[in-house]
Amino acid sequence: MKRLLCIWLPNWPIQSLSLREPSERALATKNGHSQNEHKPSSFTVLWADDSRRGRTVIACCRHASMMGIRIGMPLIQANQLIQHRSQQVDEQHADEEIGPQLNVLPHDPYVDYQDLVALAAKLQSHIAPLVAIEPLEKYPWAGFPRHQPESLLCDVSGVEHLFGGEQGLLEATSKFLSDASLHARIAIAPSVSAAWAMAHFGAAAIEVVDDPATSLGPLPVESLRLDLATVATLDRLGIERVDQLLRLPRGGLATRLGKNVVTRISQAMDEIDEPINVHHDEPEICCSHELEYPTDDREILLHRIEWMMEEIGAGLATRKHGALSLLCRLGLAAHPPLNIVIGLFAPSQDTKHLLSLLSSRFENFRIPSNVVTLMLSIPLTSPLRSVQSGLFDDANDHVCSSHSFGGSSVSRLVDSLSGRLGRDAVLSVESETDSLPENAYSVYPMTGFSAIGSTSIGGKSKSRSRTRPNQKGFRHQNKKEATDDRNESMTINTLPSRDDAMRRPLTIFANPLLLTSLAPPSAQSGDVPSVVRFRNQTFRIVAVWGPERIETGWWKGPSIRRDYYRVETANGRWWWIYRDIATTKTADAHATWMMHGQFT
């Protein structure tokens, strides 16, 4: 008996975005905690351009939906709600380092589709070999404003015995999706239409259908994947459920509402078969050549590779894809094969550019023996896309990615530098949401598409002002008056505001440096020592701003709690220092002080 499994991923644009964005999910999972349980709420809204209504909301997260944002709402109206909520967030989290994030981003349906394709490929190896992405029609179905696939269809006929029955299959599928941090609704039925209807409109998150007529009867007519006009006509006739529609003669339905309605009913009742277009990964673009005479002459090898590159370029042009990775394998006579892997910043079809990258790599290594065979392959490709900014678009609304620079001088420069200096020498910066300043951003190679956050170094990714503004609590004096005051006492000032350009230093050390306290804190200095030694030099602190409390969440492991101070020395240096209050309980001369950054 034929059995079809439908997996619906509700709000797929938001779920797909959460899988791509750098987050603390791996750390939270490692410690046995759920990310959504402990991380401050984030409000995410995706918008798209509508030809008649302008920019409208195309998707929003659950928190944004609770805030009043709805799909189809004009973006300007959503922005007003977001600004109102943002003011409330600032008031509620004024004393916290990191509060809830408010993200308004453009929607990219192509990336959503690619993530769905990647998920389908994983399901083929874990659940069933026949997996398809739900087909779409010319117009969206009633009840679904987004016209994009968000469901996967699997033919599980003859597969359920591998899991101990259909119940075991459903449990395995649910666990697979849960491990991938995905929320889904699942249904098994004799037909594609019945499985789709139960997954989208069923009462439970997991449904099993044996008799489509009985199971689909209470569902709304939208579950049959009908267009908006047909559903509106049925609504005027008072037909809201499938069982009401089944009582009507199909001949009259075809005459009044069109043949498509009768076809949908027949497909749902498993009276006619609805084939699925099974997903298949495209074969890897590859070209091989066996040399007539083994040689280690680089010019001869590059000549053969140039000839092979033409065939590789033809394969890329046929698919309308660009290469993101290039593999050249040299089969040697007396040694193991030699592999040369080249990563690209943006997809490229330019065979001359690919050949130049390969030629530069040939200059940097020695071939240990004669080459017998040559093989070129493209392990990773991506469709070529052009991204053009509008005349009046805000720079912040445009999302810069490697696809935006495909074939440009920027991508060629990045590829050339990575080829000559090494992949780990040309890096990009990604801001992180870690509260510790040394973990405020991460770096990753711009070619090769490594996981963001694999290498972490200290510092802030945001740019800082190089001017010293008029700050609250700081008295502007002439040089003589300032010198006299520094010799007398220390000035304690209030914390800098969120808009203060000097709130964070220009330079932050990846590893904080030790300060040695030479004099105990005075009544004027609070907890900060009045004299410290740094790099074998003695400094007198004359002004203090702080403290500012920075601490990590308890779910990240051992708690780190620090009190930061911005201080000024007698010779005009501005430092950012802290004391670890997790290990220091009293303010005395033996407290350990660290310098984390310098403002000048």
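The rules we used
- Counting starts from 1 at the beginning of each chain's written sequence and moves along it residue by residue.
- Local features in this predicted model are restricted to residues whose pLDDT is 70 or higher, and side-chain atom pairs enter the listing and the counts only when it is 80 or higher, whereas totals over whole chains, interfaces and linings include all residues.
- No hydrogens and no water enter the side-chain calculation; it runs on all heavy atoms of the structure.
- Secondary structure elements are defined from DSSP: runs of H or I of at least 4 residues count as helices, runs of E of at least 2 residues count as strands, and each element is numbered from the N terminus.
- Categorising residues by exposure relies on relative accessible area from a 1.4 Å probe, with only protein chains included: less than 20% of the type maximum marks a residue as buried, more than 50% marks it as exposed, and the intermediate range marks it as partly exposed.
- What makes two residues a contact is simply this: any of their non-hydrogen atoms within 4.5 Å.
- For every accessible area listed, the method is Shrake-Rupley and the probe measures 1.4 Å; residues are considered covered only by the protein chains on display.
- DSSP bridges decide pairing: two strands pair if at least two such bridges lie between them.
- Angles shown run from 0 to 180 degrees and are taken between the N-to-C directions of axes, each axis being a line fitted to C-alpha atoms and, for helices, limited to the stretch in contact.
- Put simply, angles under 35 degrees are roughly parallel, angles over 145 are roughly antiparallel, angles from 65 to 115 are roughly perpendicular, and the rest are oblique.
- Under the convention adopted here, Pro, Cys and the residues Ala, Val, Leu, Ile, Met, Phe, Trp and Tyr are nonpolar, Asp, Glu, Lys and Arg are charged, and Gly plus all remaining residues are polar.
- Note on aromatic contacts: the rings of Phe and Tyr and the six-membered ring of Trp form a pair at centre separations within 6.5 Å, being stacked when their planes are under 30 degrees apart, edge-to-face when over 60 apart, and tilted otherwise.
- Charge over a ring is defined by NZ of Lys or CZ of Arg lying within 6 Å of the ring centre and within 35 degrees of the ring normal.

Participant: In this structure, what is going on with the overall build of the protein chain? I would like to understand it.
Facilitator: If you tally the helices and strands in the protein chain, you get 17 helices and 22 strands. Taken across its 600 residues, the protein chain has 42% of its residues classed as buried. Partitioning the contacts of the protein chain with sequence separation of at least 6, the portion at a separation of at least 24 is 60%. On the protein chain, roughly 31700 Å² of surface is accessible, and the fraction owed to carbon and sulfur atoms is 51%.

Participant: Explain the sheet that holds strand 10 (residues 321-332) to me, please; I cannot follow it from the model alone.
Facilitator: Backbone-to-backbone hydrogen bonds join strands into a sheet, with any given pair of strands oriented parallel or antiparallel. Pairing is antiparallel across the open sheet formed by four strands, whose spatial order is 9-12-10-11. On the outer flanks of this sheet lie strand 9 (285-295) and strand 11 (338-348), each paired with one strand and no other. Across the sheet, the mean angle separating the axes of adjacent strands is 15° when strand polarity is ignored. In this structure, strand 9 lies alongside strand 12 (residues 371-383), joined through seven bridges in antiparallel fashion. Pairing of Cys286 across the sheet is with Ser377, part of strand 12. Contacting strand 10, strand 11 and strand 12, helix 15 (residues 351-362) runs over the sheet at an angle of about 140° to strand 11.

Participant: Would you explain the pairing of strand 11 in this entry?
Facilitator: Side-chain positions along a regular strand alternate between the two faces of the sheet. The buried fraction of strand 11 is high, at eight of eleven residues. Pairing of strand 10 with strand 11 involves seven bridges; the strand directions are antiparallel. Pairing of Ser325 across the sheet is with Gly343, part of strand 11. Adjacent in sequence and paired antiparallel, strand 10 and strand 11 are bridged by five residues.

Participant: Sorry, what's going on with unusual backbone geometry here?
Facilitator: What is expected of a backbone is that most residues other than glycine have negative phi and most peptide bonds are trans. At Ser181, a residue that is not glycine, the phi angle is positive and equals roughly 60°. Along the chain, Ser181 turns up in the loop between helix 7 (166-179) and strand 7 (185-189). In this model, Asn536 sits at a positive phi of 65°, which is unusual for a non-glycine residue. Residue Asn536 is classed as exposed on the basis of its relative accessible area, which comes to 70%.

Participant: Help me understand the packing of helix 12 (residues 250-257) against helix 13 (residues 259-268), please; the structure alone is not making it clear to me.
Facilitator: Two quantities define a packed helix pair, namely the angle between the axes and the distance from one axis to the other. At their nearest, the axes of helix 12 and helix 13 sit 6 Å apart, and the two run at 140° to each other. As far as their axial angle goes, helix 13 and helix 12 are oblique. Between helix 12 and helix 13, the residues in contact are Arg250, Leu253, Ala254 and Leu257 and Lys259, Val261, Val262, Ile265 and Ser266, respectively. When grouped by side-chain class, the residues that make up the contact of helix 12 with helix 13 number six nonpolar, one polar and two charged.

Participant: How do you make sense of the environment of Ile550 when you look at a structure like this?
Facilitator: In this structure, Ile550 sits in strand 19 (residues 537-551). For Ile550, a relative accessible area of 0% gives the class buried. For the pair Ile550 and Ser435, spaced 115 residues apart in the sequence, the C-alpha separation amounts to 6.9 Å.

Participant: Would you mind showing me how to read the packing of aromatic side chains here?
Facilitator: The description of an aromatic ring pair uses the distance of the two centres, along with the angle that the planes make with each other. Within the structure shown, the criterion is met by eleven aromatic pairs. Taken together, a centroid distance of 5.6 Å and an interplanar angle of 65° make the contact between Phe534 and Trp575 edge-to-face. Residue Phe534 is found in strand 18 (residues 529-534), and its partner Trp575 is found in strand 21 (residues 574-580); the two are separated by 41 residues along the sequence. In this structure Phe534 comes out as buried when scored by relative accessible area, which is 5%. Between the NZ or CZ atom of Arg225 and the centre of the ring of Trp196, over which it lies, the distance is 5.7 Å.

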